[in-house]
Amino acid sequence: MEEQIDFSKPQRQPIQAIVQALLKSFASALKSIWPFALAYIFNLKSQDNPRKNTVWLILMLGLSAFIVGYTLIEFFYLRFMIRDKELVIKKGFFIKRELVIPFEKIQAIHLDRDWLQRLLGIAKVSIDTPGTTHTEERFFLTNSMAKALRDAILNQPISHTVSESAEEAHLPVINLSGKDLFKLGISANFLKAMLVLLGFAIARADDLSGITGKTSWDWVEWIEEKTAGGTVLLIASGITIILVVSILISFGLVILKYGNFSMLQTTKGFHIRSGLINVREKLVPFKKVQFISWEANWIRRHIPYYLFHFHIIGDHEISDKWRIAVPVTRPAFFPLLFQHYHPELPKGTPFLTMSGAYVGRNILYAAVFSIAAILISWLLGWEQALWLGVIFPLWVIRSIIHRKNFKAAISTEAIQINHSIFSKSHSLLRWDKVVSVLVKQNIFQRHRRLATLVLFTGGGKVELPYIQLSDANRLRDYALYKVED
Amino acid sequence: MNFENTGISLDGIPSAEEVQWRPVEPGLKKVKLYGWAIWWVIIFMVSAAVMFFIPGLMQINIGMAVFAVLATLCWFHSFSIRKSLMYKAFSIREHDILYRTGWIFRSIKAIPFNRVQHCSVSAGVLGRKFEVRSIRLFTSGGFAADVLIPGLNPQTATDLQEWILNKIHQDGRAD
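**Here's the deal with the overall build of chain A**
- Secondary structure assignment for chain A yields 14 helices and 21 strands.
- Within the span of chain A, comprising 485 residues, buried residues form 44% of the whole.
- Counting contacts in chain A only where the partners sit at least 6 residues apart, residues at least 24 apart contribute 55% of the total.
- Accessible surface computed for chain A: about 26,500 Å², of which carbon and sulfur atoms make up 64%.

**Quick notes on the packing of helix H6 (residues 190-207) of chain A against helix H9 (residues 232-258) of chain A**
Residues and elements named next belong to chain A.
- Remark: H6 packs on H9, axes separated minimally by 8 Å, with the N-to-C direction vectors making an angle of 110 degrees. Regarding the angle of H6 to H9, the classification is roughly perpendicular. Touching Phe190, Ala193, Met194 and Leu197 of H6 are Ile242, Leu243, Val245, Ser246, Ile247, Ile249 and Ser250, all from H9.
- Split by residue class, the contact of H6 with H9 holds nine nonpolar, two polar and no charged.

**So, the side chain of A:Ser293**
Residues and elements named next belong to chain A.
- On the secondary structure map, Ser293 appears in strand S12 (residues 289-296).
- Here His311 takes part through its side chain, which lies 2.8 Å from a polar atom of the side chain of Ser293.
- Contact partners of Ser293, with chain neighbours within four places excluded, come to Leu307, Phe308, His309, His311, His426 and Ser427.

**Quick word on the nonpolar core**
All names here are of chain A.
- In this structure, Met263, Phe308, Phe310, Leu455 and Leu464 are the most contacted members of the largest nonpolar core, which totals 72 residues.
- The element best represented in this core is helix H14 (residues 469-484), accounting for seven residues.
- If you count residues domain by domain, this core takes at least three from each of domain 2 (179-258) and domain 3 (262-354 + 406-484).
- Counting 22 residues, the second-largest nonpolar core is a separate cluster that includes Phe7, Ile127, Phe139 and Met145.

**A look at the sheet that holds strand S3 (residues 86-91) of chain A**
- If you walk across this open sheet you meet the seven strands as S1(A)-S2(A)-S3(A)-S4(A)-S5(B)-S6(B)-S7(B), and the pairing is antiparallel. Only two strands of the sheet have a single neighbouring strand rather than two, namely strand S1 (11-12) of chain A together with strand S7 (147-152) of chain B.
- As defined by bridge partners, strand S4 (residues 96-102) of chain A adjoins strand S5 (residues 118-123) of chain B across five bridges and the pair is classed as antiparallel. Note on S5(B): the bridge partner recorded for A:Glu98 is B:Val121.
- Helix H4 (residues 143-154) of chain A rests against S1, strand S2 (79-82) and S3 of chain A of the sheet, and its axis sits at about 40 degrees to S2(A).

**Overview of the pattern of salt bridges**
Residues and elements named next belong to chain A.
- Taken as a whole, this structure holds twelve salt bridges over all chains when the rule is applied.
- Its salt-bridge partner being Glu98, residue Lys90 comes within 3.4 Å of it at the nearest N-O pair.
- Under the relative-accessibility criterion, Lys90 is labelled partly exposed at 41%.
- Of the residues examined, Glu98 reaches a relative accessible area of 16% and is grouped as buried.
- In this structure, Lys461 engages Glu463 in a salt bridge whose closest nitrogen and oxygen atoms are separated by 3.6 Å.
- A residue is classified by how much of its surface remains accessible, and Lys461, at 46% relative accessible area, is partly exposed.

**Concerning the confidence of the model for chain A**
- Mean pLDDT for chain A: 84, with 90% of residues reaching 70 or above.
- Taken together, the stretch residues 157-167 of chain A has pLDDT below 50 and engages in 19 contacts with residues farther than four places along the chain or on a different chain.

**Thoughts on unusual backbone geometry**
- In this structure, the amide linkage connecting A:Ile303 to the following residue, A:Pro304, adopts the cis form with an omega of -10 degrees.
- You can see A:Pro304 is positioned in the loop between S12 and strand S13 (306-312).
- Residues other than glycine seldom take positive phi values, yet A:Lys85 does so here, at roughly 60 degrees.
- As for its placement among the helices and strands, A:Lys85 is situated in the loop between S2 and S3.
- Its identity is not glycine, yet B:Glu131 carries a phi of approximately 60 degrees, on the positive side.
- Tracing the backbone through its elements, the reader meets B:Glu131 in the loop between helix H3 (125-129) and strand S6 (133-138).
- Judged by relative accessible area, B:Glu131 falls into the partly exposed class, the value being 48%.

**Quick notes on the confidence of the model for chain B**
Residue and element names in this part refer to chain B.
- In this model, chain B carries a mean pLDDT of 86, and residues with pLDDT of at least 70 account for 89%.
- Mean pLDDT in chain B bottoms out at helix H4 (residues 154-171), which sits at 86, and peaks at strand S4 (residues 106-112), which reaches 95.
- Our summary of model confidence lists the complex with pTM equal to 0.80 and ipTM equal to 0.87.

**Things to note about the pairing of strand S21 (residues 460-468) of chain A**
- Of the strand pairs in this sheet, strand S20 (residues 450-457) of chain A and S21(A) are connected by seven bridges, and their pairing is antiparallel. In the strand pairing of S21(A), A:Phe456 is matched with A:Lys461.

**Overview of the environment of A:Leu63**
- Residue position: A:Leu63 is located in helix H2 (residues 50-76).
- Spatially, the C-alpha atom of A:Leu63 lies 22 Å from that of A:Lys91, the residues being 28 residues apart in sequence.

**Quick look at the pairing of S5(B)**
All names here are of chain B.
- The buried fraction of S5 amounts to six of the six residues, a majority that puts the element mostly inside the structure.
- When S5 meets S6, the two strands line up antiparallel, connected through five bridges. Paired with Ser122 across the two strands is Ser134, which belongs to S6.

**Overview of the sheet that holds S21(A)**
- A sheet is described by the order of its strands in space; here seven strands give the open sequence S21(A)-S20(A)-S19(A)-S4(B)-S3(B)-S2(B)-S1(B), paired in antiparallel fashion. Looking along the sheet, the strands with just one partner apiece sit at the ends: S21 of chain A together with strand S1 (22-23) of chain B.
- Where strand S3 (residues 96-101) of chain B lies against S4(B), six bridges are found, and the strand directions are antiparallel. Considered in S4(B), the bridge of B:Leu98 is made with B:Ala110.

**As for the packing of aromatic side chains**
All names here are of chain A.
- Summed over all chains, the structure comprises 32 aromatic pairs over all chains.
- Aromatic ring contacts, followed pair by pair, group Phe270, Phe286, Trp294, Tyr306, Phe308, Phe310, Phe334 and Phe338 into a single cluster.
- Directly above the ring of Phe351 sits Lys407, whose terminal nitrogen or CZ lies 5.2 Å from the centroid.
- Arg430 extends its terminal NZ or CZ atom over the ring of Tyr341, reaching a point 5.1 Å from the ring centre.

Thresholds, definitions, all that
Residues numbered from 1 in each chain as written. Chains lettered and ligands numbered in written order. Predicted model: local features only at pLDDT ≥ 70, side-chain atom pairs only at ≥ 80, totals over all residues. Heavy atoms only, no water. Helix = DSSP H or I, 4+ residues; strand = E, 2+ residues; numbered from the N terminus. Buried < 20%, exposed > 50% of the residue type's maximum accessible area, 1.4 Å probe, protein only. Contact = heavy atoms within 4.5 Å. Areas by Shrake-Rupley, 256 points an atom, 1.4 Å probe, with all protein chains shown as cover. Axes fitted to C-alpha atoms, helices over the stretch in contact; angles between N-to-C directions. Parallel < 35°, antiparallel > 145°, perpendicular 65-115°, else oblique. Nonpolar A, V, L, I, M, F, W, Y, C, P; charged D, E, K, R; others polar. Polar contact = N/O pair within 3.5 Å; in protein donor to acceptor, adjacent residues only side chain to side chain. Core = buried A, V, L, I, M, F, W, Y, C linked by side-chain atoms within 4.5 Å. Domains from an automatic or database assignment. Pairing = 2+ DSSP bridges. Salt bridge = Lys/Arg side-chain N within 4 Å of Asp/Glu carboxyl O. pLDDT = per-residue confidence, 0-100. Phe/Tyr/Trp six-rings, centres within 6.5 Å; stacked < 30°, edge-to-face > 60°. Lys NZ or Arg CZ within 6 Å of the ring centre and 35° of its normal.

In structure tokens:
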């Protein structure tokens, strides 16, 4: 007979879960004490200062005891209950916390059991709410208790993510031809690949210095010696080879990422599939799209080819490696991508620009940074440290271009920002997708009645830097009004 | 596709600049300063221990230099705590909550209640002793979009939490 659990009364984690807690705390303790353990072992071998051994041992044991003790206390002080369609979790001894999660905000409840948990007869309960990829809360219960809790919560109406039925029609939206893929590959940002290649070469040179007898800095000096006596043709050949290799690498990476690309549309969202060898798939429910952006690097802007991004809830926590962008190789694709969110704002829309003080501030920062870099390099013995002065004009030019290009077009329903610098980059955000608004000022901005406005959504944030404080405040008030409207 | 782009009048929209700001509880100052004292005692003790056990560091000039640097940082930290507490305040309106903070870098964050996913009230050892609580409102925007308001009276924190949860139940919305 199944035990009836009264979740209206505070419940604790079962005693068998303490094994799990102890194991976790031992693992944390090991992660923390390994430097002390290494120091202890080395000191034992050298035996030059026996008092040090005692100190390291005391530190290791003390830290381990603290971590294990803290974990056990936190384990025993966790309680949970259900109250008025809310899950209430109370935890903590030193810092007491009461977390209340309404049922309608619980997106998913996961029950996981690894080999140890199966042995102990317990399950890990993870509670998810919209917006974050990590779980909001996690604890351990017996199998029957975990299922009873899940049933008690899931019997209430809960927000669901989009699920597609097999009967729904999938309409093709975008497919890439071989020619599109080739152009996309050849227009990739090879400078980035070149820098990555150089970084990789430097790291490997240092790793192999034990065999070759030369560090990366020695190799740079060797190359300088060789090219100093060489001809222009030799130097040009060297640079050409590096460029060609970088282009080939970036081309290959783009083919691997966007090969077999397809985008289908259903009544509820887009289904995007991409990748030649490692295939990634993403479902983009229309309702979950928080804002959209599109960009073209400094090569692609001249074609023009863009990469289009749907920023959905939880996206800000995913690394760039796992994001899928939609290659827009024809202007006709744009309306298809915009139609379920908001059309692009037309050219006559009123807009805000960045204050000229932005450039002034960057001139100051660039000057300070350049002088500091030159001084430090010179003190470290680099005779040609003055070359670092090139940072100043590059930094200032970048800020001038950024300020010149920046425009925030504002309509009743959305805001569209052009934040291009050397590449083209745009974002479009509907006001009703804003979840919080921040107006911030540094000392420089306060003095000039300027501010930076940050609009947060479930899929990331959009910033309007160095606008008038009055405009920032008005936009904040308008965003709050539209969210409620 | 029909697309309109009508102008908007902001005259009727309530401004966040006209709100009544409520400063944090005085107990928060004690919590912060006690915490400051505990941390700096630990830092000074660890520095002394490091200098004692590492050969070559136990010299008058090094000791005085380290002490001078730590003392300056310690004073600046205390000054910073007192200054920042002067600016910490919050305001609760019908549809949203505003939190103002910062001394050198100032900011005002606004979260509409219908965007709050859930909330938590917490209090550390010192917070319980000096009767101050912190409330954190979680949104779908993650940590950067959430707001943590420290220095609330326990009753205010509980009432606010209950009020927010009632709003969530009434709205019944999910993102």
